[in-house]
Amino acid sequence: MMSGQMLLRSLAALGVAFLLIAPLVPARAQEGQPPLVVFIEDEQLQTSSVLDSGPDGVTRLEQIFQSYGARTRWLTLSDPLPRDTAVIVLVRPLRALPADQLARLWVQLTRGSHLLLAIDPSGLTSARPDRSLAANTDKANSGLSILLDRYYGIRLEDTFLVAPWFTHGSITSQLTTFSYVHAEDFATHPVTEPLVALRLPVLVWGARTLTVEPLGLGSHAAPLLYTLSGYGETNTKVFAATEPAPLEVNLGQDRVGRLLIGALGENTHLDSRVVVFGDSEIVQNGYGLDINSRTQAPLHWGNRLLTERAVAWLLGVPQEEWPGLPEGYTWLAVDGESEDWPENTLELEDPSDTPIARYDIQRVSAFQDNGYLYLRVETAQPPASVVRLTLGIENTFDGITDVTFALDEGQIVAQDSTGMFSLPDGAFAVGDVIEARLPLRVTGEGGLVSAVCLADRRTDPSSAPVDCTGQPPAIVPVARTQAPVETWHAPMPLVTVYSTRAEAVNLRAQPNTDSAVLDVLVNGRTLAAVGRTESGEWIQVQNAEVTGWLAAFVARANVEVQTLPVVAP
Amino acid sequence: MRKRRLLALNACVLIVALTALSIPPRANVAAEKLWQGSSRLGGYQIYFSESLGEASRFDRSAKGLSRLAGLVDLLGADLYTLEWRTGVPADADLLVMAGPANDLTADQVAWLWAYLQNGGRLLLLADPPPTKALPATSGLFQLMWDDMGLRGRNDVIATEGELRPVVPPPAQAARDQPTPTPLPPAEIPALVMNFTTTTINAFHPIATGFEGELAFFGARSLEVDAAPRESQVTPVVYTESSFYGESDIATYQQFQYVEYNIGKDTTRGMLPLVAAMENIASGTRIVLIGDREFATNGGGFETSPPYSGAFLHPGNVRFMLNAIAWLVDAEPVAGEVSFPEPGPTATPTLTPTVTPTPLPSPTPTAGQ
């Protein structure tokens, strides 16, 4: 029989053994525990704060993690991170990580933690007064970059993404260095699938480029975001206040071509994943994750979906549970495939009336949401790739076509009483069917689709089409959904609403305060800048829905306003 | 004839006997003991870092580490050179960094720290300033201090030797002020930085079976927080109490001028020279020695005659072997080995002889 003393000794030994073994429990969440997400907060690094609900903060990013059931907390890298950390979030370190802090981060990654890193380029001065010093972030040859490269195949580059319209004036502030990048469509990762399908752009504000090596020892990586417009400037003297270096491409030095802005990687030896964005604003409250204060809907669906799905990937959420566009948004890819078409659309039947089956229209479908009119044309056989689609839209119900469109795989052109113009924010695709997307600001709302015709684009446009629908004009039904792309995302001048006095500003029909208010635009909303008044006090802007005028003092343009063409009101 | 043969036989026996007696008896013992202990480190994978300017295990010169490596090899360990680009291999039982001359890059610190945090073992010899590697307040030592309570200080351990006249360094003129008048020569002590010590913590396993003294050749002091914590740090070797840590060795090297600055220099006393850290939970062990030459061929492993097994400082040799054995969790080695008595040498006598030589290299021994 065990004596009391022996029992006590045994219990003590068990206790000691437990204390010794407990710290050896491997990283990652213990069974049944929600995953722990640690946001790095560091005053020296000037990281974006999870305690800051303002535009520079990352409280919305934290909410996304929490929406998957994760526990969140913030810590510095001056202390060891908890062993059960599932994901480490490091957003906007404006200073390079010192060796000891990098070591703490790395220890946790070797234990199987994951990392979400959003990091800006060096040189850019923030717009905020308390961050007047230029960013001096980790360089390509920094420890952080070397570790990411060797273990995940992702390397930081010492570049600053310069869009074609950037000027020395526009790059002095984060707010005027915005441009659109796109989800990688060459080899699409599941994280960006809906962005590719919907051609949803991602808005960045002063980005750096990355290199991505897909295959490596024990690792694989995939690019997420790219841009073809602009170049990666390597000379930080372009930011100099006096005699800045010119914003021009230096071949052999600057990065050109397909520039990567975001990537993810996985190391199978470490069982660790990383997501790297070359721009911190992608995930910050007042930038990429901004919302419409009236509707609470995200302003930039590309940023939102990218972040949500990247977080899901990092947390190991099953792919079938990853979010897409929520209810109330049009989920339709203009890709020539009709599986994603909704029901209750306009259906115009057309009999076989031409021997050329690939041009023989069988059915036309159409609907519109708040931003676009969508059109689908089915032919007797899969349509010819060289097909040209023409259609007319009648808005005034007077039997006269108000605007006509000619679409092929080369361009989309509209013609109305003001003349002929191209539509870079339209879309056209030929596959099993023909699909098209046209902005409502040009088609008009509640219009009638009149003649829909198909022709060979190689023929003279004035010659007769091969086939046309023979039915009278029909009203396009309205789907109570929103287009996910609010703005015109072609590479061109843009403005962002930025008022220090109010949360929202008026979009006017004419360049004066007496004219009708077309819309109320919240801070952070981005539109295309298409012209200005003679004085430059008003900027003509437009998106898929509307064309109007914005007072220049509440707008931040990425170009000198005076370089915009003067447009008659 | 028979008598003559007997005399010849006796002469032969005498010659053999005399010859046998003339051979140092410990040489046989040493070889035998070394051979017997050869499996003591058998099967252990020991990696040596060399890319940061450490003493090399392939270097047979005074700066090299070939003698230590040879002994460890003789004891059965498998030796490799670390490839930093791939990090420390999973099968590594010990990493030896014998006095990096260049500081670790941030990614190397990260690699090394991850290795240590996951149960790694490290033998680190860290030279004092002016070597720029391993500053006290950043990188690896910052981490070690924060999490383990151990680091090297930015000083050089010294004590005052004989006085001699030295012109003090010129004072810096303030802006727009005339250049100060040069000061007259003053009687300033030379610093003694090469020394031996016998102040050893016999309770630590590294000191098991250890006898004798340890020689140092320009060392940095260690800062040790031995308070109870997960990582337990134990000072193993101290200086005598007359030593302090000179924080401005550059001025001394340039002007031969030195003064003990309270609050700036490390306080005089028994300063830790070697410390051992153990984290039972993670399995991590570190031995930190504040002097690279403690184990180099021309320092602690110097022999006389040159290129023999007769070590001038057998204590250093036994201590290093014991430290490695403890680090890899093997039985102590020191008691198992002995070495021939060294012959006469030109090596400078240690404490308290003044050796105002540039740091950190020891005075080379003639013939090496």
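See the structure above.
Structure report, in brief. (Residues numbered from 1 in each chain as written. Chains lettered and ligands numbered in written order. Predicted model: local features only at pLDDT ≥ 70, side-chain atom pairs only at ≥ 80, totals over all residues. Heavy atoms only, no water.)

Some points on the overall build of chain B
Within chain B, the secondary structure is distributed over 7 helices and 14 strands. Every one of the 368 residues in chain B was classed for burial, and the buried ones make up 51%. The long-range fraction of contacts in chain B, counting pairs at least 24 apart against all pairs at least 6 apart in sequence, stands at 77%. Split by element, the accessible area of chain B, about 16,400 Å² in all, is 57% carbon and sulfur. (Helix = DSSP H or I, 4+ residues; strand = E, 2+ residues; numbered from the N terminus. Buried < 20%, exposed > 50% of the residue type's maximum accessible area, 1.4 Å probe, protein only. Contact = heavy atoms within 4.5 Å. Areas by Shrake-Rupley, 256 points an atom, 1.4 Å probe, with all protein chains shown as cover.)

Some words on the nonpolar core
Among the nonpolar cores identified, the biggest contains 71 residues, and A:Trp106, A:Leu115, B:Leu95, B:Met97, B:Leu112, B:Trp113 and B:Met144 are the most heavily contacted of them. Sort the elements by how many residues they give to this core and helix H4 (residues 106-117) of chain B lands first, with 9 residues. Among all residues touching B:Leu112, those that are not within four sequence positions of it are B:Trp84, B:Leu95, B:Met97, B:Leu104 and B:Leu140. With 57 residues, the next largest nonpolar core counts A:Val89, A:Leu161, A:Leu289 and A:Trp322 among its residues. (Core = buried A, V, L, I, M, F, W, Y, C linked by side-chain atoms within 4.5 Å.)

Re the interface of chain A and chain B
Taken together, the contacts link 20 residues of chain A with 21 residues of chain B. Here chain A packs against chain B, burying approximately 1,600 Å² in sum over the two surfaces, 63% of which is carbon and sulfur. If you look at where chain A meets chain B, you find 2 salt bridges. Of the charged contacts, one joins B:Asp146 and A:Arg104 as a salt bridge, the two residues approaching to 3.7 Å between their closest N and O atoms. (Buried area = accessible area lost by both parts, 1.4 Å probe. Salt bridge = Lys/Arg side-chain N within 4 Å of Asp/Glu carboxyl O.)

Considering the pairing of strand E14 (residues 284-289) of chain B
All names here are of chain B. Within E14, 6 of the 6 residues are buried, which leaves it mostly tucked inside the rest of the structure. Residues Thr 284, Ile 286 and Leu 288 line one face of E14 and the alternating positions Arg 285, Val 287 and Ile 289 line the opposite face, and both faces are buried. Bridge count between strand E4 (residues 121-125) and E14: 5 bridges; the pairing is parallel. The residue of E14 that forms the bridge with Leu 124 is Leu 288. The pairing of strand E13 (residues 272-279) with E14 spans 6 bridges and is antiparallel. Within E14, the residue paired with Ala 275 across the bridge is Leu 288. Connecting the antiparallel pair E13 and E14 is a turn made up of 4 residues, with Gly 283 showing a positive phi of about 90 degrees. (Pairing = 2+ DSSP bridges.)

A look at the packing of helix H3 (residues 99-110) of chain A against helix H4 (residues 143-152) of chain A
If you want to describe how two helices pack, look at the angle between their axes and the distance between the axes. All names here are of chain A. In the contact formed by H3 and H4, the axes pass within 11 Å of each other and the chain directions differ by 20 degrees. Looking at the two axes, H3 sits roughly parallel to H4. Seen along the crossing, H3 lies across H4 with a hand that is right-handed. Contact with H3, carried on its side by Leu 102, Leu 105, Trp 106 and Leu 109, involves Gly 143, Leu 144, Leu 147, Tyr 151 and Tyr 152 of H4 and no other residues of that element. Tallied by class, the residues present in the contact of H3 with H4 amount to 8 nonpolar, 1 polar and no charged. (Axes fitted to C-alpha atoms, helices over the stretch in contact; angles between N-to-C directions. Parallel < 35°, antiparallel > 145°, perpendicular 65-115°, else oblique. Left-handed = near helix turned anticlockwise from the far one by under 90°. Nonpolar A, V, L, I, M, F, W, Y, C, P; charged D, E, K, R; others polar.)

Quick word on the side chain of A:Ser48
Residue and element names in this part refer to chain A. Locating Ser 48 in the fold gives a position in the loop between strand E1 (36-40) and helix H2 (59-67). Overall, the relative accessible area of 3% leaves Ser 48 in the buried class. For Ser 48, the side chain forms a polar contact with the main-chain oxygen of Asp 56, separated by 2.3 Å. At 3.1 Å, the side chain of Ser 48 and the side chain of Gln 284 are in polar contact. (Polar contact = N/O pair within 3.5 Å; in protein donor to acceptor, adjacent residues only side chain to side chain.)

Coordinates in, geometry out; function isn't part of it.
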